[in-house]
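Spelled out from the first residue to the last, the chains are:
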Amino acid sequence: MKKIYSEKISKSILLLFVQLFVSVLFSLAFAQPKRILHGEVRSVANGSHMAGVSVAVKGTVLNTLTDREGRFSILVEQEKGTLLFSHVGYVTKEVNYEDLSRVLEVSMEYAESALEEVEVVSTGYFQIPKERATGAFSVLNADLLDRSPSMNILERMEGLTSSLQFNRKDATNERRTESEIRIRGVSSINSDTSPLIILDEFPYEGDITSINPENIESITILKDAAASSIWGARAGNGVIVITTKKGSFNSKQKINYESRFLFINKPDMYYDKQRLPSQTVLEIEDRLFDQKIHTKQDRLALPYYVDLKFQLQDGLITKDEFDRERLRLENIDVRDEANRYLYRNGVQYLNNLGFSGGSSTHRYNVNISHSKEKRAIIGDDNDRIVLDFSNGFNLWKGAGLQLSGGYSQQKKSGNGVSLSELTTGGIGVVSTYTQLKNEVGYLPIVRDYNWTYVNSAESNGLMDWRYYPLAERELIDKTSQINYLRFSPQFTYDFLKDWHVRINYQYQQSTNSGINHYGKDSYYVRNMVNRFTQQDGTRIIPHGDILNYAMRGQQKTQALRFQLGYNTVWKDKHQLNALMGTERREGIFENEPSIWVYDYDPDLRLGTAQFDFTKYYPNRPAGGGRVPGDNLGTQKNVDRDISYYSNLSYSYDGRFVLTNSLRWDASNLFGVKTNQKGVPLWSIGGAWNMDRELFLAESIFSRLKLRATYGVSGNVNKNVSAYPTVSYGTNVETNLPMAALSSVGNPSLRWEKVKTTNLGLDLGLDLGLGQKLHGSVDYYIKKGEDLLGLDYMDPTSGISGALRQMVNYANIETKGLDVDLTFHKNFSNLKWTTNVLGSIVNNRITHYSTNDNLKATAYLLGVGTAPPKSDKPVDILYALPWRGLSPENGLPLVLIDGEQSSDYNNYVNNFPVDDLIDVGVTVPRYHGFLRTSIAWKSLEIGGMVSWKGGYKYRKNSMMPGGEYQGNGQHHMDYFKRWEKPGDEKNTFVPAVTDKYSSPLANAYRYAEVLVEPATNIRWEDLILSYNYSILSNKLRGKVGFMVRNLGIIWKQSKSDEDPDQPYAIYSRPREFNINIQIQF
Amino acid sequence: MLSIAGQENLTSTFRFNFSYWNNIRENDMDILYNHRTSNYIHMKKIAYFFASLLLLACNDKFLDIKSESNLVIPNTVEDLQAMMNHHIMFNGVCTELGTIGSDEFTVSDGGLKSLSVPWQRNGYIWADDVYEGQPIADWNNAYQRILYCNIALERLDKINIGKQDSELVNRVRGNALFYRAYSHYLLQQAFGKPYSKDSAPQDLGISLKLESDVTLRSKRSTVEETYKAILADLHGALELLPLKSDNRYTASKSAVFALFAKIYLEMGDYQGALQSAEKCLDIHGDLLDFNTISPELLIPFPRKPLENPEIIYYASMMPSAVLTTAYSISEELLELYDKENDLRKDIYFMTESGGRTIFRGSYLGLGNGVYFVGLATDEIYLIQAECLARLGRDSDARAVLSDFLRNRIKSEVSIRLPEEGELLSFILGERRRELIFRGTRWTDLRRLNQEQRHNKVLKREVEGTVYTLEPNSKKYTWPIPDAAVQFSDIVQNER
């Protein structure tokens, strides 16, 4: 086995060496030309050497490009002449030459408005001019990323590049923006589908919010295999390469200050339709009470009104008192209470200060940012400090050292109580007629146990057992902290003209910790004390503060990379860039035990933990339990990877480009046979810069390039194993070590592979009259093969519940088209720019070999996604047919074998799977953005509109009998329900039933009638900005104003929900942002 | 060897380069570029440099580290023992279906409406479709437990056993065999046809799983094959296990004998059941005198199994909503107690403020709808008494019974046993009074149905409709879960 393994390695090494030697041979085979002009190109802005500048002899087809050092050598026919220098983003320059023996020094100026895309693509391993790239890349520069005020760098990318999708279909908007990010759809079914994030050349292992978006120089999105196979086995879902600001040599010190203020509208609690007015809720509860569906038990929380009815029934209150209370409840709505006491307008402040500059031997960039956030939920605050630094040194000729790193600290307090957190044990959602505060003060609400029981606590010798949600917010202190530290030195060394070595090291450390402090008067403490008060009145838990240190987790990652590169240009026409390298990574995740301190005195900082944590105490009102104690189980995960890689790019005459990358990845994947630990991945690509051809020399095409790539990258799934594996823990019953089966093993386990073909066209058109159009179109096919999938198995095998079996059986194919076009027009002082992004993406499972005898209900009830099926998309949504409501009883009409029936159980549970209606997908098939701006002198106004289409969602509604399932099942559709014969002509909402039957509810809930088309056009934002420059350009800056989430302009469905997030508790609130930039 | 040589080269390359470059002034660069010889020297150095880097990275051991500290391939006897300590071995022993189908409790109409779990609503009225396509723990957990046992048994065979391990090996093997037998037994009580000597060779039992291969297609064995396999496993376990378990969570000879007694009784082999019961009680025959238990306590029995002398093998059922908040102990059952003198009435039951009578006397020492369903001496004494009575040894039966009842009846009262001829009925009544929510009632109903004089028709009234379960009804065998039928050759039970 070992032999096979080392043979594989030697094969990969051999291949790498062959590549390297081929490149060496090339360099030796060609001798120097005769009439040559040498030169060097620098940028005026910062004095740095400019690579990839196109150099052409005017009036001829002779041309070349500058190398990494900005140097060029060009074959000329005449002793004197003119050279043309061009580079995107810079003003094209003509320079006359007279003396061939002198090195020509040329400096280029940055174009006033760098409208065209940034030229340099950064893959994290190397940078190349976009001209020489064959893959599908998108580059976002700092200016673009500045558009959005979001403190999360990923969110800032929304709407800036095609193929990137933010999917919010399951978002509730309550605590954080939960969105799934997809680059070009999906390439896996059960493994991670999130893209790989690279920060300054290494995979990022911290919390995404620990990155300061203000200090980002650029982001490159690697979409196809030529781009991503360089990142190997983790790159199947695309790669986002984030590069921080670095400063430049020979530049003056710049100080950059930026301040942002973001105001977020208070959320609208009435958005969610899953509540009924109090009056209706009381009527429903009257009906349910009369049916005696409630039993009164000490341990069981009943809705407050139901308890009131019991009190009336038991003669504890008079009819008069009851009526008065009912009247009071009718006029309360918990959503008003929430609006008043639980939510507020959110605000965010951000202050950012950066220094950068450099001498000939040193460059630096230091950036510090502080932000404060007050979220919409009162009590939820966030405070973040991020410090980034980067120092570059020219050690000696050719040798450079760069020391960069960062530190970030986030403190979050999570004391807020949201409306959905006012849950009630036994009822679920809090009753609509709940009041939180009145003239007198905070009010208690029903929580864990029976209301009468709770109220009698004090007379039973217990502590006050009532729960006051608003007081609780002040009595507990829950804080969590995220610290992130990064240090990455890099040594570069250029030698022998064409060669360079790079050694990179990186250390990352990310720590999560949390402290929960419960004050002695908090409900949390009182509840614990009361629950554990024994029958004779002795207290097990003392009445004092409780302090809980939550489990602290730490992730440490180290990586070391050696890379050798060879770049050469010969005969002016041939350019070769080759590099090879090796990398090792180790990531260690460890967590520390959680600690509980009872009877804690915050002044003395003393407490106790002297309890018998193994003892079971009878609890009030029922049951028993242990005193919550330290969780001493610790965990340690170690991930190790080794990679070898090489990359080769050859271009001929700037016209033809060939690229190739090769990579071998291995990791300590658990329980995999050694010879399956590694996987070879590769790509090839070609491009033709047609604009360099003579036949297009004088045409309107400033750029025309055809690209094609093909390659293989992968996905990692760490939850599978070739052998049976068990996971250790401690059995709380016996305190003995116990082992749970985590996998029964799968001897034929393989790595998932993603094969991508990409065809692309880049174009630039100079339409005259100051009109320019440029952009790109890409068509791709992504094939995920050997994908791991759940094996639906007979539970008799023992595989059921949490124990699941994964096998490599599935294939998936994603096809798509990405279009990115920018149109630009100048009229004297007016500049108009419009950017259109459009993507089409469709996936289809092409092979799924598991038993597809699943019942129809499995396809309908599936949480999130339906079970995968061959020839269907991953995101498919199924529905039952809809035949309207019965005129007799207002229940859904259903057919079994063509016969009308009321046997819903038989109908739903034996529904033929083939008859399920494939209503569409839950993720947009088409999406696009339109961004436009008009600038007049220094004033700019712009906005963005988004469009998503070709997808569906299943909306909520009133379920017949749903009220028997608790308050959470209410819905405003109650008022549209069938009430009398004839109503079926005007409504599809069924009648109310006198009991709950899940098949009946499902016959409606999953019917086609509740599926809505989600296509919508949305006005995302509006921007107004003014660029100012005073003191003869010494002080420059920008003042900007922005409004976000302006709302839906048009949607296909007439239903009320936001089709992008149909289950949200409230829609994304509108945001107002003001920002001020000062640079001097 | 190679990598050491490589490292030396690495350092020398660096040293060479540094000194070399330091000696060159910037203007000399052009000369250097054209200097072929030095170029070659450098090529060679670079080749060495990279070869050494690659060799450094090729270190095989770097990848051999375990990725997750608490994840292992079960390769040692200790690992397999830890598997046998898992929760599902004794906490997931589900007898929920049988308990729901029996006559120990009633549910009000409103209570029934509040239940969201389909088999609880449907099982209570013995409906045709019980699960509505949902998975059912009574089946799934038992087979997962069997999978653990099969993996443990197979891996034990593979592990090279040293002498010092043999006792531990025996214990693990014995436990695995016991758990497998016990799980098959519980499955048979719910999903296999009731045992009847004449038709057992044809009647459908359960799917026997004696191998861990999850890809094998399941099919049903006959009732006879099922019992044969269960008894074979128990015989195997008997040899390997200690007399008593030191924590009661694991199996022991006494537990094996107790299970033998239950199975033989069910099969109508009263001689075999009697012998097993006696052997069990020889090892472990302690009883808890209820006169020492305070009925004032919210939870009268101790939580730790070692503190209750009656517990032979500790097992509990999964929490069940219907058995937590919706049920009320049936009036008919409460009528069976001697209100004056039977200590169990007050210790076992409590009437809540809402009027519901709940059972608080589980040997688990916990409320929360989780009940003790393991093996305890009280049941074995009752088996012994029943077998003696059935074998015509009435006076022996009376002796056993009065010894037993001395621990259940107020100590100041003398024990009076019924007349001749009514002894067996009295013992069967005693089983009802003693074994509440123990998962035994369903098995007893299935068994006693076959004797006409002990027949009983079960009745439920829900919203004015009366549902009945006739003796020997097909509904005494619960349907096989839908998923199990779909993916296998398992034949569904008729309803």
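Residues numbered from 1 in each chain as written. Chains lettered and ligands numbered in written order. Predicted model: local features only at pLDDT ≥ 70, side-chain atom pairs only at ≥ 80, totals over all residues. Heavy atoms only, no water.

Draft legend 1. Representation of the overall build of chain B in the model. In terms of regular secondary structure, chain B is built from 21 helices and nine strands. Buried residues in chain B amount to 60% of all 495 residues. The long-range fraction of contacts in chain B, counting pairs at least 24 apart against all pairs at least 6 apart in sequence, stands at 71%. (Helix = DSSP H or I, 4+ residues; strand = E, 2+ residues; numbered from the N terminus. Buried < 20%, exposed > 50% of the residue type's maximum accessible area, 1.4 Å probe, protein only. Contact = heavy atoms within 4.5 Å.)

Draft legend 2. How the structure looks around the overall build of chain A. Scanning chain A from N- to C-terminus turns up 14 helices and 51 strands. Here the C-alpha radius of gyration of chain A, 33 Å, is about what a compact globule of 1080 residues would show, namely 31 Å. Projected onto its principal axes, the C-alpha coordinates of chain A cover approximately 115 × 75 × 70 Å. Contacts in chain A between residues at least 24 apart in sequence constitute 71% of all its contacts with a sequence separation of at least 6. A total accessible area of about 44000 Å² is found for chain A, and carbon and sulfur atoms account for 54% of it. Computed over 124 positive and 123 negative side-chain charges, the separation of the two mean positions in chain A equals 5 Å. (Rg over C-alpha atoms; globule rule 2.2 N^0.38 Å. Areas by Shrake-Rupley, 256 points an atom, 1.4 Å probe, with all protein chains shown as cover. Lys, Arg positive; Asp, Glu negative; His and termini not counted. Charge placed at Lys NZ, Arg CZ, Asp CG, Glu CD.)

Draft legend 3. Highlighting the pattern of salt bridges. Within the structure shown, the criterion is met by 82 salt bridges over all chains. Of the charged contacts, one joins Asp381 of chain A and Arg344 of chain A as a salt bridge, the two residues approaching to 2.9 Å between their closest N and O atoms. Of this pair, Asp381 of chain A sits in strand β20 (residues 380-396) while Arg344 of chain A sits in the loop between α8 (334-341) and β18 (346-358), and the two are 37 residues apart along the sequence. Residue Arg655 of chain A is joined to Glu693 of chain A by a salt bridge in which the shortest nitrogen-to-oxygen separation is 2.9 Å. Taken as a pair, Arg655 of chain A in the loop between β31 (635-652) and β32 (656-667) and Glu693 of chain A in the loop between β33 (678-689) and β34 (701-715) lie far apart in primary sequence, 38 residues in all. This pair shows no difference in class: Arg655 of chain A is buried, exactly as Glu693 of chain A is. Ionic contacts of the salt-bridge type, sharing partners, join the residues Lys262, Glu379, Glu386, Arg390, Arg431, Asp444, Arg447, Glu451 and Arg453 of chain B into one network. (Salt bridge = Lys/Arg side-chain N within 4 Å of Asp/Glu carboxyl O.)

Draft legend 4. Spatial organisation of the sheet that holds strand β5 (residues 81-86) of chain A. Residue and element names in this part refer to chain A. Reading across the sheet, the four strands line up as β3-β2-β5-β6 and stay open at both edges, with antiparallel pairing between neighbours. Each edge of the sheet is formed by a strand with only one pairing partner; in this case those strands are β3 (63-65) and β6 (93-97). Between one strand axis and the next, the sheet turns through 25° on average, direction left out of account. Pairing between β5 and β6: five bridges, direction antiparallel. Across the sheet, Thr82 pairs through a bridge with Asn96, a residue of β6. (Pairing = 2+ DSSP bridges. Axes fitted to C-alpha atoms, helices over the stretch in contact; angles between N-to-C directions.)

Draft legend 5. How the structure looks around the packing of aromatic side chains. Tallied over the entire structure, the rule returns 63 aromatic pairs over all chains. Between the aromatic rings of Phe290 of chain B and Tyr348 of chain B, the centroid separation amounts to 6.2 Å while the plane-to-plane angle is 70°, which identifies the pairing as edge-to-face. With a gap of 58 residues between them, Phe290 of chain B in the loop between α13 (270-283) and β3 (311-313) and Tyr348 of chain B in helix α16 (residues 343-348) connect regions that are remote in the sequence. Across the pair, exposure class does not vary: Phe290 of chain B and Tyr348 of chain B are buried alike. Judged by centre distance (5.6 Å) and plane angle (75°), the rings of Tyr337 of chain B and Phe349 of chain B are edge-to-face. Of the two residues, Tyr337 of chain B sits in the loop between α15 (331-334) and α16 while Phe349 of chain B sits in strand β5 (residues 349-351), which places them twelve residues apart along the sequence. For the pair Tyr337 of chain B and Phe349 of chain B, a shared accessibility class is recorded, and that class is buried. Positioned over the ring face of Tyr859 of chain A is Lys869 of chain A, at 5.4 Å from the centre of the ring. (Phe/Tyr/Trp six-rings, centres within 6.5 Å; stacked < 30°, edge-to-face > 60°. Lys NZ or Arg CZ within 6 Å of the ring centre and 35° of its normal.)

Draft legend 6. Broad picture of the nonpolar core. Counting 153 residues, the largest nonpolar core has Phe178 and Phe191 of chain B as the members making the most contacts within it. For this core, the element with the most residues is helix α10 (residues 166-191) of chain B, which contributes 14 residues. Counting 29 residues, the second largest nonpolar core, distinct from the first, contains Leu282, Ile284, Tyr974 and Val1009 of chain A. (Core = buried A, V, L, I, M, F, W, Y, C linked by side-chain atoms within 4.5 Å.)

Draft legend 7. The confidence of the model for chain B, seen in detail. All names here are of chain B. Predicted confidence across chain B gives a mean pLDDT of 85, with 86% of residues reaching 70 or more. The lowest-confidence element of chain B is helix α1 (residues 2-22), averaging 34 in pLDDT; the highest-confidence one is helix α12 (residues 253-267), averaging 97. A low-confidence stretch, residues 1-38 stays under pLDDT 50, and its non-local contacts, those more than four residues away or across chains, total 33 contacts. Across the interface, the model reports ipTM at 0.83; the global pTM reads 0.79. (pLDDT = per-residue confidence, 0-100.)

Draft legend 8. Summary view of the environment of Asp494 of chain A. Residues and elements named next belong to chain A. Along the chain, the position of Asp494 falls in strand β22 (residues 476-495). The sequence separation of Asp494 and Lys872 amounts to 378 residues, and the corresponding C-alpha distance is 53 Å. In contact with Asp494, other than residues within four places in its own chain, are Arg68, Glu69, Gly398, Trp499 and His500.

Draft legend 9. Seen up close, the interface of chain A and chain B. Tallying the contact residues gives 98 residues for chain A and 94 residues for chain B. For the pairing of chain A and chain B, the buried interface totals around 8700 Å² over both sides, and the portion due to carbon and sulfur atoms is 61%. At the junction of chain A with chain B, the criterion picks out zero salt bridges. Where chain A packs against chain B, one counts eleven residue pairs in polar contact (both at pLDDT 80 or more). The dominant element in the side of chain A that touches chain B, judged by the number of residues it contributes, is β31 of chain A, at nine residues. Split into classes, the residues belonging to the side of chain A that touches chain B amount to 46 nonpolar, 32 polar and 20 charged. (Buried area = accessible area lost by both parts, 1.4 Å probe. Polar contact = N/O pair within 3.5 Å; in protein donor to acceptor, adjacent residues only side chain to side chain. Nonpolar A, V, L, I, M, F, W, Y, C, P; charged D, E, K, R; others polar.)

Draft legend 10. View of unusual backbone geometry. Residues and elements named next belong to chain A. Along the chain, Arg620 connects to Pro621 via a cis peptide bond; the corresponding omega equals -5°. By the element assignment, Pro621 lies in the loop between β29 (617-618) and β30 (624-625). The phi dihedral of Asp599 is positive, around 50°, even though this residue is not glycine. Tracing the chain through its elements places Asp599 in strand β27 (residues 595-601). Since its relative accessible area comes to 36%, Asp599 is described here as partly exposed.

Draft legend 11. Broad picture of the side chain of Arg156 of chain A. Residue and element names in this part refer to chain A. Note that Arg156 resides in helix α3 (residues 153-156). By relative accessible area, which is 2% here, Arg156 ends up buried. Within polar-contact distance, the side chain of Arg156 engages the backbone oxygen of Leu145 at 3.2 Å. Setting aside its immediate chain neighbours within four residues, Arg156 contacts Leu145, Asp146, Ser148, Pro149, Ser150, Pro213, Glu214 and Arg260.

Draft legend 12. Summary view of the pairing of strand β19 (residues 362-374) of chain A. Residues and elements named next belong to chain A. Summarising the sheet, β18 and β19 pair through twelve bridges and their orientation is antiparallel. Each residue of the ladder has a partner; that of Leu350, found in β19, is Ser371. Hairpin connection of β19 to β20: five residues between the antiparallel strands, including Gly379 at a positive phi of 105°.

Draft legend 13. The side chain of Ser356 of chain A, seen in detail. All names here are of chain A. Within the secondary structure, Ser356 sits in strand β18. A relative accessible area of 14% places Ser356 in the buried class. What Ser356 contacts, discounting residues up to four positions off in sequence, is Gly247, Lys252, Gln253, Lys254, Tyr364 and Asn365.

Draft legend 14. Representation of the packing of helix α18 (residues 394-405) of chain B against helix α19 (residues 423-434) of chain B in the model. Residue and element names in this part refer to chain B. One can describe the packing of α18 onto α19 by two numbers: an axis separation of 11 Å at closest approach and a directional angle of 25°. Judged by the angle between their axes, α18 and α19 are roughly parallel. For the element pair α18 and α19, the recorded crossing hand is left-handed. Every residue of α19 that contacts α18 at Asp394, Ala397, Arg398, Leu401, Phe404 and Leu405 is listed here: Leu423, Phe426, Ile427, Glu430 and Glu434. Across the contact of α18 with α19, the residue classes break down as seven nonpolar, no polar and four charged. (Parallel < 35°, antiparallel > 145°, perpendicular 65-115°, else oblique. Left-handed = near helix turned anticlockwise from the far one by under 90°.)

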